[in-house]
Amino acid sequence: MSGEHPELLSASHIRDLAEGLGIRPTKQWGQNFVIDPNTIRRIVGLAELTGDEHVLEVGPGLGSLTLGLLDEAAKVTAVEIDPKLAGQLDETVTLMRPERAAALRVVAHDALRVPAEQLSWDDAGPEVLVANLPYNVAVPVVLHLLQILPSLRKGLVMVQEEVADRLCAGPGSKIYGVPSVKAAWDTHMRKAGVVGKKVFWPEPRISSGLVRFDRTEPASETVARKEVFAVVDAAFAQRRKTLRAALSTLVGSGVRAEQVLRTAGVDPQARGETLDVTAYTRIAAALREMPDAEA
């Protein structure tokens, strides 16, 4: 499907579309529209699409990235929370890619609440996530979609650069935290680049980061995701505390926390940022096996 570069939305296109709809980008929905066609081509290229995949896009906005994806994907499902933007997208694609209009399906919904079945096409879920994600909900959206869509195999998302660094951080790093561990549950994430501020309208205060991910097997086959995530949340709720102290509320007391940690082979005096996701699965498994405290 690739080869020549079909026309993409320019800055003037985007501003004219927004004006026609009476839209100003809102902070409420974290809207920053990409106005540079070369950035769109870069994102699509880094996603490494094969041409036969069903791609999920979240927050398509006025359609800049959507057009680029339709040039390379078999079909695109776009989830848009803004009803005006959702209503315009089909029209924009019909005008600029009439031969590809049937390959787009727009779902007017909040990506944090959309049911998985609404994202399926011919009973098959999307295989790739490619999105310029709203800064304020980027991590919850990625984690939620990974949870409800086992069909997702890979993705390329653009997020605030600080968020990109956190998603890709490893144990021991100052920026390693809850997003880092939870993302590692069933994906391998790596930073794929930085995007400057001037390619957006409105221009954000900080740069964006591109994160490429590939799906992996879950970190544990015996302990549930929610059990592990509960331990992770507790461990980082009070980051400066030792794990013995941080987990005491979750398990009932410091003594029980120490028992759980020792059973899991984890130093009770360690801190949450030193543990990888595998260690958290061991803690969750040990907690599951811990007898209930006596009344």
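Residues numbered from 1 in each chain as written. Predicted model: local features only at pLDDT ≥ 70, side-chain atom pairs only at ≥ 80, totals over all residues. Heavy atoms only, no water.

Along the chain, Val199 turns up in the loop between β7 (187–195) and β8 (200–201). Considering only alpha carbons, one finds Val199 and Val34, 165 residues apart in sequence, at a separation of 5.7 Å. Apart from the residues lying within four places of it in its own chain, the contact partners of Val199 are Phe33, Val34, Ile35, Asp36 and Thr39. (Helix = DSSP H or I, 4+ residues; strand = E, 2+ residues; numbered from the N terminus. Contact = heavy atoms within 4.5 Å.)

Before going further, it helps to examine the packing of helix α1 (residues 11–21) against helix α4 (residues 83–96). Here α1 crosses α4 at 130°, and the two axes come no closer than 11 Å. The orientation of α1 relative to α4 falls into the category oblique. Handedness of the α1/α4 crossing: right-handed. Here His13, Leu17 and Leu21 of α1 come into contact with α4, specifically with Lys84, Leu85, Gln88, Thr92 and Met96. Class assignment of the residues belonging to the contact of α1 with α4 gives a composition of 4 nonpolar, 3 polar and 1 charged. (Axes fitted to C-alpha atoms, helices over the stretch in contact; angles between N-to-C directions. Parallel < 35°, antiparallel > 145°, perpendicular 65-115°, else oblique. Left-handed = near helix turned anticlockwise from the far one by under 90°. Nonpolar A, V, L, I, M, F, W, Y, C, P; charged D, E, K, R; others polar.)

It is worth spelling out the packing of aromatic side chains at this point. What the rule picks out here adds up to 4 aromatic pairs. Relative to Trp201, the ring of Phe33 lies with its centre 6.1 Å away and its plane at 45°, an arrangement referred to as tilted. On the criterion of sequence distance, the pair formed by Phe33 in strand β1 (residues 33–34) and Trp201 in strand β8 is long-range, its members being 168 residues apart. For the pair Tyr176 and Phe236, a centre-to-centre distance of 6.3 Å together with 70° between the ring planes defines the contact as edge-to-face. A residue pair is termed long-range when its members are at least 10 positions apart, and Tyr176 in the loop between α6 (161–168) and α7 (178–183) and Phe236 in helix α8 (residues 225–237) qualify at 60 residues. Of the residues examined, Tyr176 reaches a relative accessible area of 3% and is grouped as buried. Of the aromatic side chains, those joined through ring pairs into one cluster are Tyr176, Phe236 and Tyr280. (Phe/Tyr/Trp six-rings, centres within 6.5 Å; stacked < 30°, edge-to-face > 60°. Buried < 20%, exposed > 50% of the residue type's maximum accessible area, 1.4 Å probe, protein only.)

On to the environment of Glu53, then. Its place among the elements puts Glu53 in the loop between α2 (37–47) and β2 (54–58). Note on Glu53: relative accessible area 2%, which makes it buried. Remark: the alpha-carbon pair of Glu53 and Leu261, spanning 208 residues in sequence, is separated by 43 Å. Residues in contact with Glu53, not counting those within four places in the same chain, are Glu48, Ala73, Ala74, Lys75, Glu127, Val128, Arg153 and Lys154. Within polar-contact distance, the side chain of Glu53 engages the side chain of Arg153 at 3.0 Å. In this structure the side chain of Glu53 is engaged in a polar contact, spanning 3.3 Å, whose partner is the side chain of Lys154. (Polar contact = N/O pair within 3.5 Å; in protein donor to acceptor, adjacent residues only side chain to side chain.)

With that settled, the discussion passes to the pattern of salt bridges. Within this structure, the stated rule accounts for 15 salt bridges. The salt bridge partner of Glu53 is Arg153, with a shortest N-O separation of 3.0 Å. Of this pair, Glu53 sits in the loop between α2 and β2 while Arg153 sits in the loop between α5 (138–148) and β6 (154–160); the two residues are 100 residues apart in sequence, bridging distant segments of the chain. Here Arg153 falls in the partly exposed class, since its relative accessible area comes to 40%. (Salt bridge = Lys/Arg side-chain N within 4 Å of Asp/Glu carboxyl O.)

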